[in-house]
Structures are given as C-alpha cells and as structure tokens.
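Chain by chain, the residues run as shown.
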Amino acid sequence: MEIYKDNLFVEMYTETEGHLHGFKKVLFEGKTEFQLMQIVDTYEYGRCLLLDGKMQSSQADEFIYHEFLVHPALTAHPDPKNVLIVGGGEGATLREVLRHQCVEQVDMVEIDGQVVSFAKEHLREWHQGSFEDVRSNIIIGDGRKYIEETSKSYDLIIIDISDPGDAGPAYLLYTVQFYELVKRRLKTSGMLALQAGTSSVIYGEIMASVYLTLQKVFGYVAAFEASVPSFDLPWGFCIAGNEVVPGDISQDEIDRRLLGRFVKDLRAYDGETHAGLFKTTKALRNLLCEKGRLIEDQKPIYTPL
C-alpha cells in the first residue's frame, strides 16, 4: 500500500497504473514471516485485508470471489466428501466449503500461521467460526510440500493463494510440476479449482498461461470470469479435472444439489449463475487461445512491478 496523500492509498498493478482508495484509518498493520498484513477501513468497501499492499478481500464484496472460487466446482462434484484448501488464511474459502453438509472433512494448509491467528480474532465476518467447525483441520505449513508428502486423496483441491504473477512464496504453486503433484492427490472424479489472476485483455497473459499450463496436465479445463469491484479488474478462475465437466451440469441440477446439501443464503451463485459462467465472452476465449506460455518451476511468471 503506497500512501498517495492523507487518507488515500494506491494499489499499483504496474509502474503506470493503479487503483486509488480513500480510507478512514488503518486498523492494523504488522509484518509476518512472509508478508506485510494490513486491515484498512475504506469508504466504499468497508474493512479490507491487504497483503503486501495488494487487495485480498473486502467486507463489501468478498462473497463474490469466494463463492465463485468454491461453489462451481464443489457443486459440480456429485458427492464431495474430502476437500483440501491450499491458502485461504482469512477462512472465507473454508466457510464456503463447509456450507455443503455432504463434506466430511476439510484440510486447510496455510503457510502463514500469523494470518490465520489474526483472522480468527479480527476477521470473524470472513470466517464466521469456520476454523472451529469439527470438520476443519488447519495445518500451518507449505502447501506444495504437504501435497508432495501426503498420501491422502481428495474430491476437490482449492488453491486460494496470492496472484500467479506475484514474486512471493506462492509462485511455485502455479507450475506444471505442481499441477502434476495435485493430479496425483485427486480421486478419479476429483477436480482442482483456483483463482487465475485478472482476465483483463490488457493484463490477462498471466491467466492465459495458467490455463495453458493446466491443459498440459488435465483432460478438461474450464475458465470463467467475474466482476469483483474492489479488485477493479475482471477476475479469472479455472476448474480442471479429467471426468466431471462443470459446464455440462444443468441449472436445475445445480439448484437441486445446493438444496439437497442445505446450502443457502448464497449471494452470488446459484443454478442460473452456474449456467452462465461457462458461456464466456469472445474476448476471453481469444485471450486464452492467443496468449500465454507454459509455467514451469524454472520459468515462473512474475508481475512487472
């Protein structure tokens, strides 16, 4: 977060473009082992969580990001029992997974234990007690190392980490080598769901690279986008697997599954929304086909900051 002048800060996308936010005050600021963490009380979006100066989620619209990250894949799975979340320190992704009563256990692996501790105390609106749910198993550790070493298999693996272009501890969780590890930890009908960075036609090469890299590993990859106002850019998501094709599931079937799993009070996602997600714009389809490169451990992607 770069202070522009009194009560204004700029979140920079590149050296020449950024988003200006007005804020009332900084509620918390602290440096963890891995990153700078801030809670800022803004005028338009309420309380916002920032990591290394970048917007992670806001009180006003975090539900859009987290519902789209979780429910299209989780609802598409016919009978999900075991879910792994890599990242998701504020607990909102965990909250959304636990809405599905058919889920029996959720392992959440977060590298930054200080973010989890802070979220438990200060971000209750985000996690809503999900850390204390008996189905939750919180593991503080490296997500890639966990996937390399565990013998467990999952119906769904959700990657909820910092953007694929950030030069931080998460950059090796977007490579072809990592996705090959993930594939081994998925059951036959299992799926991977992740955020893929912005789908903007200006900056979308990173999302296109994630999409292409997933295609090298999985038999089926779906991409879609959503508007998250506090991000100030259209945002991309991907679902990958080998058997289940989320876009083939009807609107009525999605609504039946949500009802049968006692999922209620969603604000962004339902059967009609699901049906529309995979009818992507021509601009996004062109972006995914024309741009992007394979992301490898030795050739990661970083933003030009």
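See the structure printed just above.
Here's a quick rundown of the structure. (Residues numbered from 1 in each chain as written. Predicted model: local features only at pLDDT ≥ 70, side-chain atom pairs only at ≥ 80, totals over all residues. Heavy atoms only, no water.)

### Looking at the environment of Asp-163
In this structure, Asp-163 sits in the loop between β10 (154–160) and α6 (176–184). As a C-alpha pair, Asp-163 and Val-116 span 47 residues in sequence and 19 Å in three-dimensional space. Look past the residues within four positions of Asp-163 in its chain and what remains in contact with it is Tyr-174, Gln-195 and Trp-235. (Helix = DSSP H or I, 4+ residues; strand = E, 2+ residues; numbered from the N terminus. Contact = heavy atoms within 4.5 Å.)

### A short note on the environment of Leu-27
Assignment of secondary structure puts Leu-27 in strand β3 (residues 18–31). Along the chain, Leu-27 and Val-176 lie 149 residues apart, while their C-alpha atoms are 39 Å from each other. If sequence neighbours within four positions are ignored, Leu-27 has contacts with Ile-39, Asp-41 and Arg-47.

### So, the side chain of Ser-58
For Ser-58, the position within the fold is in strand β6 (residues 54–58). Of the residues examined, Ser-58 reaches a relative accessible area of 0% and is grouped as buried. Polar contacts involving the side chain of Ser-58 include one to the side chain of Asp-61, which spans 2.6 Å. Ignoring sequence-local partners within four residues, the contact set of Ser-58 consists of Tyr-45, Arg-47, Cys-48, Trp-126 and Ser-230. (Buried < 20%, exposed > 50% of the residue type's maximum accessible area, 1.4 Å probe, protein only. Polar contact = N/O pair within 3.5 Å; in protein donor to acceptor, adjacent residues only side chain to side chain.)

### Notes on the packing of aromatic side chains
Per the stated rule, a full pass over the model turns up nine aromatic pairs. Residues Phe-68 and Phe-224 carry aromatic rings whose centres are separated by 6.5 Å and whose planes lie at 80 degrees to one another, so their mutual orientation is edge-to-face. Within this pair, whereas Phe-68 is found in helix α1 (residues 62–76), its partner Phe-224 is found in strand β12 (residues 220–228), the two being separated by 156 residues in sequence. In this pair, the class of Phe-68 matches that of Phe-224, namely buried. Aromatic ring contacts, followed pair by pair, group Tyr-65, Phe-68, Phe-224, Phe-231, Trp-235, Phe-237 and Phe-278 into a single cluster. Above the plane of the ring of Phe-131 lies Lys-120, whose end atom (NZ or CZ) is 5.6 Å from the centre. The ring of Phe-63 has Arg-267 lying over it, and the distance from NZ or CZ to the ring centre is 3.9 Å. (Phe/Tyr/Trp six-rings, centres within 6.5 Å; stacked < 30°, edge-to-face > 60°. Lys NZ or Arg CZ within 6 Å of the ring centre and 35° of its normal.)

### Focus: the packing of helix α7 (residues 205–215) against helix α10 (residues 282–290)
Look at α7 against α10: their axes get within 8 Å of each other, and the N-to-C directions meet at 65 degrees. In this view, α7 runs roughly perpendicular relative to α10, as classed from their interaxial angle. As α7 packs across α10, the resulting crossing turns out to be right-handed. Contact residues: Glu-205, Met-207, Ala-208 and Tyr-211 in α7; Leu-284, Leu-287 and Leu-288 in α10. A per-class count over the contact of α7 with α10 returns six nonpolar, no polar and one charged. (Axes fitted to C-alpha atoms, helices over the stretch in contact; angles between N-to-C directions. Parallel < 35°, antiparallel > 145°, perpendicular 65-115°, else oblique. Left-handed = near helix turned anticlockwise from the far one by under 90°. Nonpolar A, V, L, I, M, F, W, Y, C, P; charged D, E, K, R; others polar.)

### Points about the sheet that holds β10
Strand order in the open sheet formed by seven strands is β9-β8-β7-β10-β11-β13-β12, with mixed pairing between adjacent strands. Single-partner strands in this sheet number two, and they are β9 (136–140) and β12. Pairs of neighbouring strands in the sheet enclose a mean axial angle of 15 degrees, with direction left out of account. Relative to strand β11 (residues 186–198), β10 runs parallel, the two being bridged by five bridges. By the bridge assignment for β11, Ile-158 is matched with Ala-193. (Pairing = 2+ DSSP bridges.)

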